[in-house]
Structures are given as C-alpha cells and as structure tokens.
Amino acid sequence: MGKVIAVANQKGGVGKTTSAVNLSACLAYMNHKVLLVDIDPQGNATSGSGINKADMDQCVYNVLVEDLEAEKVCVPTSVENLDVIPATIQLAGAEIELVPTISREVRLKKALEPIMDRYDYVIIDCPPSLGLLTLNALTASDSVLIPVQCEYYALEGLSQLLNTIRLVQKHLNKQLTIEGVLLTMLDARTNLGLQVIDEVKKYFQDKVYQSVVPRNVRLGEAPSHGQPIIIYDPKSRGAEVYLDLAKEVIANGERVRERN
Ligand SMILES: Nc1ncnc2c1ncn2[C@@H]1O[C@H](COP(=O)(O)OP(=O)(O)OP(=O)(O)O)[C@@H](O)[C@H]1O
Ligand SMILES: [Mg+2]
C-alpha cells in the first residue's frame, strides 16, 4: 500500500508545487511507482509535469464532485513510473460545490482507495489555503510535508497550519503525522536565509530535512518546459537537492516501519 504525502502550506509561493512535482519525479526516477495528485485549481503541478490542461475534459474536479473513478482521470507522464491526476480551473468551483455534500472532507481519500495498491507514493499538491480542498488532502494523507521559504516571516502563519493539522488529527484522520519541514529558496549569500534556517530548526527540530533547496534558476525554468528538474537539467543543483530529499523521505519511511 502506498504512502500518501500532502504538500501543504497556506502561504502562497513557498515552493509547494515545485517540491511536489520534483519529489514525485525523483521518487519515480528511483524506481518507485508514484502518483502526483493536483488539487490546486491553478493546475501548476499538472502543467509542470508536462500535461496540457487544454486537452483535459475531465480532472480531479469530476472525481471530487461527481464521483468519477480516479483511474479514469489518471494520466501517465513522460517520466517513467510517474502518473498524474490533473487539475484544471474547473476545480475552482469545487471549494463551494462540496460544501453541502455528504462526507465532503473524505472524498479524495475514498476516491484514491481503489488505486492505492498500484503506487508506492502518492504526493498531493495543495492550494494556498486551508479550505475544503486542503482538508480533503490532509484527510487522505499519512503525513504532511511543509515547504517553508527561507525569508523573513517564514514562520508566520504556520501556527494556523499546525492548528488545522491538529483538528484533522482529532476529527478526520488520527494517523496524520508531519512528514517533514522543507526549507526552500535559500539564498546562501544572505545572512537572513541562514537565520531563518536556525529559527525553523529551533521550532521543528528533527522534523527539518537536511536537504535545503537553494534558489536555483533551472528550478524556476523547468515548469515552463513541462519538465521536472531531473529531466530538464539533471546536473543542476536543484536536481541534486530534490534527489537528496527523495532519499530522506524514503529513509524516514523505513525508520518508521522499523519502529512499528
Ligand atoms: N528553489 C527555487 N529556485 C528558483 N525558483 C523557484 C524555486 N522554488 C520555486 N520557484 C519558483 O517560485 C515560484 C513559486 O513556487 P511554487 O509554484 O512551487 O510555489 P507554491 O507554494 O506552489 O505556490 P502557490 O501557493 O501559488 O501554489 C514559481 O515560479 C517557481 O518556479
Ligand atoms: Mg502551487
């Protein structure tokens, strides 16, 4: 049975999609079967993994709102072992349309159940909000990976996210844990970035990944070519760091299995 990891932070532009796409592609590159689920109406994880949104007449919206089987919208990517459940702008309506529906927070979890045994990892890219779409992701997940941008105000707003995680643990998904905190977009030339790393480590301690994602031009360019960094520029620093992150995620999973 695959492990489900939500990539979440309600703050916008902190590197959620970049991390979801590239962690997924690196896990797939390391021979794991991976499903990337885009539940952000912006659909950036969809286009970033090379899927043309204009070609899609169905997406995760139809799964969440109309009970379409997840496998009907699952598409392979040009990366071996990596499938995507895409999102298009149609999903923007779901946040409101789901409000009156039964079990509105468990729709994604239920939809993924029939295809879970096909994958080693399911990575969910969340929108920058703590609404019903993110709640669906947290309810469907074993753990949450939290990207934190190395900038002033980095920790601001995180208490809201942690609070939501606690509420989900209490009411919807007891199993949910914090997978890890990923520092992103570090500009190593500034002291500020290093200060933020210290501060985040003080707060989250051993939950912070050793891998820290630098600001890297190639990482910023890759989405416009519809390619994960491991394909776009496998020798770049960005590719190296996301491969290291994938190794940490795998190793952490093995440690947890040994403990249980
Ligand atoms: N390490 C990096 N180096 C350079 N550019 C980056 C890096 N990480 C992300 N970016 C760029 O920064 C922008 C925001 O990143 P991204 O889309 O991953 O954030 P997000 O948290 O998913 O945003 P949103 O909240 O809108 O969904 C994008 O243009 C992305 O290409
Ligand atoms: Mg995003």
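Cut-offs applied
- Residues numbered from 1 in each chain as written.
- Chains lettered and ligands numbered in written order.
- Predicted model: local features only at pLDDT ≥ 70, side-chain atom pairs only at ≥ 80, totals over all residues.
- Heavy atoms only, no water.
- pLDDT = per-residue confidence, 0-100.
- Salt bridge = Lys/Arg side-chain N within 4 Å of Asp/Glu carboxyl O.
- Helix = DSSP H or I, 4+ residues; strand = E, 2+ residues; numbered from the N terminus.
- Buried < 20%, exposed > 50% of the residue type's maximum accessible area, 1.4 Å probe, protein only.
- Expected span 1.5 Å × (residues − 1).
- Arc of directions from axis to C-beta.
- Contact = heavy atoms within 4.5 Å.
- Near = heavy atom within 4 Å.
- Polar contact = N/O pair within 3.5 Å; in protein donor to acceptor, adjacent residues only side chain to side chain.
- Areas by Shrake-Rupley, 256 points an atom, 1.4 Å probe, with all protein chains shown as cover.
- 1 Å grid on protein atoms, 1.4 Å probe; cavity = no way out; pocket = protein on both sides within 12 Å on 5 of 7 lines; lining within 4 Å.
- Sits in = over half its atoms within 2 Å of the grid points.

Novice: What's the story with the confidence of the model for the protein chain in this structure? I'm lost.
Specialist: Atom-level detail of predicted coordinates should not be read off regions where pLDDT is low. Chain-level pLDDT for the protein chain is 95 on average; 100% of the residues reach the 70-or-more range. We note a pTM of 0.97 for the whole complex and an ipTM of 0.99 for its interfaces.

Novice: Would you mind showing me how to read the pattern of salt bridges here?
Specialist: Close approach of charged atoms lets side chains of opposite charge pair. Under the counting rule described, the total for this entry stands at ten salt bridges. Between aspartate 67 and arginine 107 there is a salt bridge, with the nearest N and O atoms lying 3.2 Å from each other. With a gap of 40 residues between them, aspartate 67 in the loop between helix H3 (60-66) and strand E3 (75-76) and arginine 107 in helix H5 (residues 107-112) connect regions that are remote in the sequence. Owing to a relative accessible area of 16%, arginine 107 belongs among the buried residues under this scheme. Arginine 218 is the salt-bridge partner of aspartate 233, the closest N and O atoms lying 2.8 Å from each other. Here the residue aspartate 233 occupies a position in the loop between helix H10 (229-232) and helix H11 (237-259), and arginine 218 occupies one in helix H9 (residues 217-221), the gap between them amounting to 15 residues. Accessibility expressed as a relative area gives 17% for aspartate 233, which makes it buried. The structure contains a network of salt bridges with shared partners spanning Arg218, Glu221 and Asp233.

Novice: Looking at this structure, I do not really get helix H7 (residues 158-171). What am I missing?
Specialist: An α-helix turns once every 3.6 residues. As a result, residues three or four positions apart point the same way. Between the first and last C-alpha of H7 there are 20 Å, a value that for 14 residues agrees with the 20 Å anticipated at 1.5 Å per step. Inspection of H7 places Leu158, Leu161, Leu162, Thr164, Ile165 and Val168 among the buried residues, and these make up the whole buried set. With its buried residues spanning 155° around the axis, H7 presents them on a single face. The exposed set on the far side of H7, more than 90 degrees from its buried face, consists of Lys170 and His171. The inward-facing, buried residues of H7 abut helix H6 (132-140), strand E6 (143-149), strand E7 (177-184) and helix H8 (191-204).

Novice: Where do I start with the site of ligand 1 in this structure?
Specialist: Neighbouring ligand 1 are 18 residues; Lys16, Thr17, Thr18, Pro214 and Asn216 lie closest to it. Between ligand 1 and the protein, one listed contact pairs an oxygen atom with a backbone N or O atom of glycine 13 at 2.9 Å. Separating an oxygen atom of ligand 1 from a side-chain N or O atom of glutamine 42 is a distance of 3.2 Å. Contact with the protein chains removes 79% of the 630 Å² of surface that ligand 1 exposes when unbound. Applying the majority rule of atoms within 2 Å of the grid points places ligand 1 in the second largest pocket. In terms of residue count, helix H1 (residues 16-29) provides more of the shell around ligand 1 than any other element does, three residues in total.

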